[in-house]
Amino acid sequence: MIALALLAAAAVAPQDGETVVYRAAKVYTADVAGMINHGALVVRDGKVVAAGPARAIAVPSGARVEDLGMVWLVPGLVEPHCHIAGSLGDLNDGVFLANPELSTHAVVEPNNPYLRDARAGGVTTALLIPGSGNNVSGFGTLVKTAGDTVDEVVVRAPGSLKVAQAGNPERYSWGVGRALMNWNTRDTLTKGKTWAEAFRAGDAEFAPRYENFQELGRTVPISVHTQIYQVVLMTITMLGRDLKLKPFIDHGEFEAWTLGPLAVEYGVPLMLGPRSIHFDRRDSHIQGLAAGWRDSGGAGAVVGYNTDSPVLPEEELSYQAALGVRYGAGTNEDGLKGLTANASKALLIEDLAGRLAPGLDADFVAWTGDPLDPRNHVLKTWIRGELVYDAARDGRRY
Amino acid sequence: MLHYFALALLAQDSAPGRVIDVGVALTMDERRPIHNARILVRGGRIEAVGPRAEIAAPAGWEILSFPESVAFPGGVDLHSHTQTGGWDDLNDMVNPNNPEFRTLDTVVPWNDLYKDGVAGGVTTVNAIPGSGTNMSGAGTLVRLTDTAVVDEAVLRYPGSVKVAQGYNPERFGDLGGTRMGMWWMLRWWLDRGAAAAKAGRNSDPDVEHLAGIFRKEHPFLVHTAGARDVFGTIRMFQLEAKVPVVVSHCCFSGYLAAPAIAATQAALNIGPRNYDFSFGGDKRFVGLVGEYERTGNRDMSVQTDAGVVPQEEFLYQATLAERLGCSTWEALESINSDPARQILIEDRIGRLVPGLDADIVIKAGQPLDPRSPVQLVLVQGDIVYDIRAGQRY
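Residues numbered from 1 in each chain as written. Chains lettered and ligands numbered in written order. Predicted model: local features only at pLDDT ≥ 70, side-chain atom pairs only at ≥ 80, totals over all residues. Heavy atoms only, no water.

Draft legend 1. Up close: the sheet that holds strand β17 (residues 360-363) of chain B. All names here are of chain B. Overall, mixed pairing links the 7 strands, which are arranged β3-β2-β1-β4-β17-β18-β19 in an open sheet. The sheet is open, and its two borders are formed by β3 (45-51) and β19 (382-386), each paired with just one other strand. Direction aside, neighbouring strands of the sheet carry axes that sit 35° apart on average. In this structure, strand β1 (residues 18-25) lies alongside strand β4 (residues 62-73), joined through 7 bridges in parallel fashion. Looking at β4, one finds that Val-19 is bridged to Ile-63. (Pairing = 2+ DSSP bridges. Helix = DSSP H or I, 4+ residues; strand = E, 2+ residues; numbered from the N terminus. Axes fitted to C-alpha atoms, helices over the stretch in contact; angles between N-to-C directions.)

Right, here's the structure in full:
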């Protein structure tokens, strides 16, 4: 039985050192080359070796060529805000308003049914973050959506620090308003940042409470639950301009989209959703969220989309971008870039995932057509070069 | 009065109309797009459809130019409950069978849910009562148009008579607790309706709605699900009573009888569920419209059961049908030409051909592609939705 299982795995996983050339009617790189008709993707040892027009890519000797036919080959989608890669029962230990010592690394749950659905929706990388019940709820973990052990799926721990600026944390207790919350968040982050700087300089003792702050604002961003104009203003100015801790905006909903110019000025990425629209009750007008950010002067910002799964199912990530485009947020390609390269940029993993470019993880997906068009679906998903979902082999999940 | 009416008609006919120029027109009369198309509309009707090069724009007519857009017939949703703007007045559950009831008296024309529906490309709905009883009354074909007067929004009354075969109408401790009782009663009412049709118009006012079905003026629309009930519906109404019937829902395991259903050429109105996972018994993910098509069925419309699925997501029901295996043209036909034929009104709506009502949707892309919004909707030639005044969906 074990031997059989091994054999089955061998049929899927490329051998070490084996080079595979995938050909497809369209290859979307999310990189400078953009969309390539009659494209090819070369993969070895779980990494992308090359991507380009099939006629321009020489097949390395000994390489296996797999012609995928009339499909779109697209980078695996990157989810910047999810809660499903860990056990849902362990969403939020809201002991104090700030718990920077906690981390979702302790609750990662590889291969749960939500992650299997995620693969069927073309999602290959996801940031697992704690809930928004308190201002600082702990560090998130960046994972792949396939793998059997925690070590196998973790891409980076800590993946981000989760900050919730307003809204949900107000329910922590009576009397919690924005004055207290902003002080509390600023106080916690300033202490952590100060400790990290001193510790790096050899001037401070090890402090378990701030352990994960060592790379915060350097290689680790802050994912900020933030929405409403005044709250998002504080995200951009306090966390971005003043503390320089590389925040990115999660949600960005309601009328916050008017802050587009400021998001561009301070380089704060926008990972929008799960709401895709804002309904302005004063004039019965539907405002597309991504379109609003774009049109208010945020066209130069890094725009992506999230599902906040399980708020929306993880497999519907591509549809978030479809709605963005429906309500006026640019072209289909803008939407697709938002789901891939832009999300990677916000997560500070642009050299690791989100594009089909040499040296990046070979996370890619074969779709029946444009991923933003829900009449299409995922045929196959690869993570680090390994086929982790095959609708024909595994049964279609979505 | 008659004289005055004739004058009004004359005046309307000589009034200038509208020229609609679009990138692509899908007439749904044939499976072929017309590129660089022009549609002439006057007096509420379509006067001409064809390539722009072949149709001159009459002098003095208003030109609506959408050179990048697609025009297609307005959506016809045969299964909708949004006639009051909410869930009110849905179902008077007095007896197991109340064929004398009608939704006509409950319709609130141009209510907010209808406005949403128009923004989603729907121009006609069959406003029907609920499924709490076996026969809950006559539905009304309603135009989604800007009027406060019900009569001006009524395309046809009755639209259909609603029957519910199983599940919801089952009664406890009463006749109709099982399908034996329910289906016996339905056959009894069918016999009475047939007799009334034979005896002449209004010979039996309580079953006049049913008599109209035997006169082929409107069909039954039957809530039915599961292989036994779906085929049982076709057997009872179409094969035995030989009356027009629209088989609605068709979900759960209904598709297990799909090859036999295909042989009857029944009119299927599928939704609001788009797929089955559990009722078929083998844990297979089955797209319903796609599966009925695969087994040879060709007469298929989709529906929302609004507000079960929001009225404005009608086109998206066909999008999902295509995602789950239905072919592109079948999916396109499932939103306008097929339902119009099923409800026996294809001579008025459902296609863009001269003589039919000018119920036209203009959208920034292919009808079933939700990445593009509906831009302009005309009902009987009147603009009832214009995205430039604010996007509603």
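Draft legend 2. Up close: a nonpolar patch on the surface. On the surface, a nonpolar cluster with roughly 290 Å² of combined accessible area is contributed by A:Val95, A:Phe96 and A:Tyr172. Its place among the elements puts A:Phe96 in the loop between β6 (77-82) and α2 (113-120). (Patch = residues over 30% accessible without salt bridge, like charges linked within 9 Å, V, L, I, M, F, W, Y side chains within 5 Å. Areas by Shrake-Rupley, 256 points an atom, 1.4 Å probe, with all protein chains shown as cover. Salt bridge = Lys/Arg side-chain N within 4 Å of Asp/Glu carboxyl O.)

Draft legend 3. Focus on the pattern of salt bridges. Counting across every chain of the model gives 52 salt bridges over all chains. Linking A:Lys193 and A:Glu197 is a salt bridge whose minimum nitrogen-to-oxygen distance equals 4.0 Å. One end of the pair is A:Lys193 and the other is A:Glu197, both in helix α4 (residues 178-200) and 4 residues apart, which spans about a single turn. Residue classification places A:Lys193 among the partly exposed residues on the basis of a relative accessible area of 25%. Across the salt bridge formed by B:Arg52 and B:Asp21, the nearest N and O atoms sit 3.9 Å from each other. One end of the pair, B:Arg52, is in the loop between β3 and β4; the other, B:Asp21, is in strand β1, and 31 residues separate them in sequence. (Buried < 20%, exposed > 50% of the residue type's maximum accessible area, 1.4 Å probe, protein only.)

Draft legend 4. Region of interest: the nonpolar core. A:Trp293, B:Leu268 and B:Tyr292 are the most contacted members of the largest nonpolar core, which totals 98 residues. Of the domains in this structure, domain 1 (2-73 + 354-389) and domain 2 (75-342) of chain B are the two that each give at least three residues to this core. Excluding anything up to four places from it in sequence, B:Leu268 contacts B:Val247, B:Cys250, B:Ile261, B:Tyr292, B:Asn297, B:Asp299, B:Met300, B:Ser301 and B:Gln342. With 20 residues, the next largest nonpolar core counts A:Val163, A:Leu216, A:Leu239 and A:Leu243 among its residues. (Core = buried A, V, L, I, M, F, W, Y, C linked by side-chain atoms within 4.5 Å. Domains from an automatic or database assignment. Contact = heavy atoms within 4.5 Å.)

Draft legend 5. Representation of the packing of α4(A) against helix α5 (residues 229-242) of chain A. Residue and element names in this part refer to chain A. Two numbers describe how α4 lies on α5: the axes approach to 12 Å, and their chain directions differ by 20°. Classified by the angle between their axes, α4 and α5 sit roughly parallel to one another. At the point where α4 passes α5, the crossing takes the right-handed sense. Where α4 abuts α5, its residues Arg-178, Asn-182, Thr-185, Arg-186 and Leu-189 lie against Gln-230, Val-231, Met-234, Met-238, Leu-239 and Asp-242. In terms of residue class, the contact of α4 with α5 is built from 5 nonpolar, 3 polar and 3 charged. (Parallel < 35°, antiparallel > 145°, perpendicular 65-115°, else oblique. Left-handed = near helix turned anticlockwise from the far one by under 90°. Nonpolar A, V, L, I, M, F, W, Y, C, P; charged D, E, K, R; others polar.)

Draft legend 6. Main features of the domain arrangement of chain B. All names here are of chain B. Examined at the domain level, chain B breaks down into domain 1 (2-73 + 354-389) and domain 2 (75-342). Using C-alpha coordinates to define each centre, domain 1 is positioned 29 Å away from domain 2. Of the residues lining the interface, 23 residues belong to domain 1; the matching set on domain 2 comes to 27 residues. Of the roughly 1,900 Å² buried between domain 1 and domain 2, counting both surfaces, carbon and sulfur atoms make up 65%. For domain 1, the biggest contributors to the area lost against domain 2 are Met-28, Arg-31 and Leu-368; these three give 38% of the whole. Inspection of the domain 1/domain 2 interface yields 4 salt bridges. Put simply, Arg-31 and Glu-330 hold a salt bridge, and the shortest N to O gap is 3.1 Å. Between the two partners, domain 1 and domain 2, sit 6 residue pairs in polar contact (both at pLDDT 80 or more). Of all elements in the fold, only β4, β17, β18 (374-379) and β19 reach the threshold of two or more residues within the side of domain 1 that touches domain 2. (Buried area = accessible area lost by both parts, 1.4 Å probe. Polar contact = N/O pair within 3.5 Å; in protein donor to acceptor, adjacent residues only side chain to side chain.)

Draft legend 7. How the structure looks around the interface of chain B and chain A. With 18 residues of chain B at the interface, the matching set in chain A holds 17 residues. Taking both partners together, chain B and chain A bury about 1,700 Å²; carbon and sulfur atoms supply 46% of that area. Contact with chain A buries surface across chain B, with B:Arg323, B:Arg371 and B:Gln391 losing the most and accounting together for 50% of the total. For the pair chain B and chain A, the interface holds 4 salt bridges. Here B:Asp369 ties to A:Arg375 by a salt bridge, and the two come within 3.8 Å at their closest N and O atoms. Counting the contacts that link chain B with chain A gives 11 residue pairs in polar contact (both at pLDDT 80 or more).

Draft legend 8. Geometry of the pairing of strand β7 (residues 123-128) of chain A. Residue and element names in this part refer to chain A. Among the 6 residues of β7, 6 are classified as buried, and the element is accordingly described as predominantly covered. Of the pairings in the sheet, the one linking β6 to β7 comprises 4 bridges and is parallel in character. Residue pairing across strands places Glu-79 opposite Ala-126, the latter belonging to β7. In terms of handedness, the path from β6 via α2 over to β7 forms a crossover that is right-handed. Here 4 bridges tie β7 to strand β8 (residues 136-144), and the two strands are oriented antiparallel to one another. Pairing of Leu-128 across the sheet is with Thr-141, part of β8. (Right-handed = clockwise from strand over helix to strand, strands pointing away.)

Draft legend 9. The confidence of the model for chain B, seen in detail. When pLDDT is averaged across chain B, the result is 95; 97% of the residues are at 70 or more. For this predicted complex, the interface confidence comes out at an ipTM of 0.82, alongside a pTM of 0.89. (pLDDT = per-residue confidence, 0-100.)

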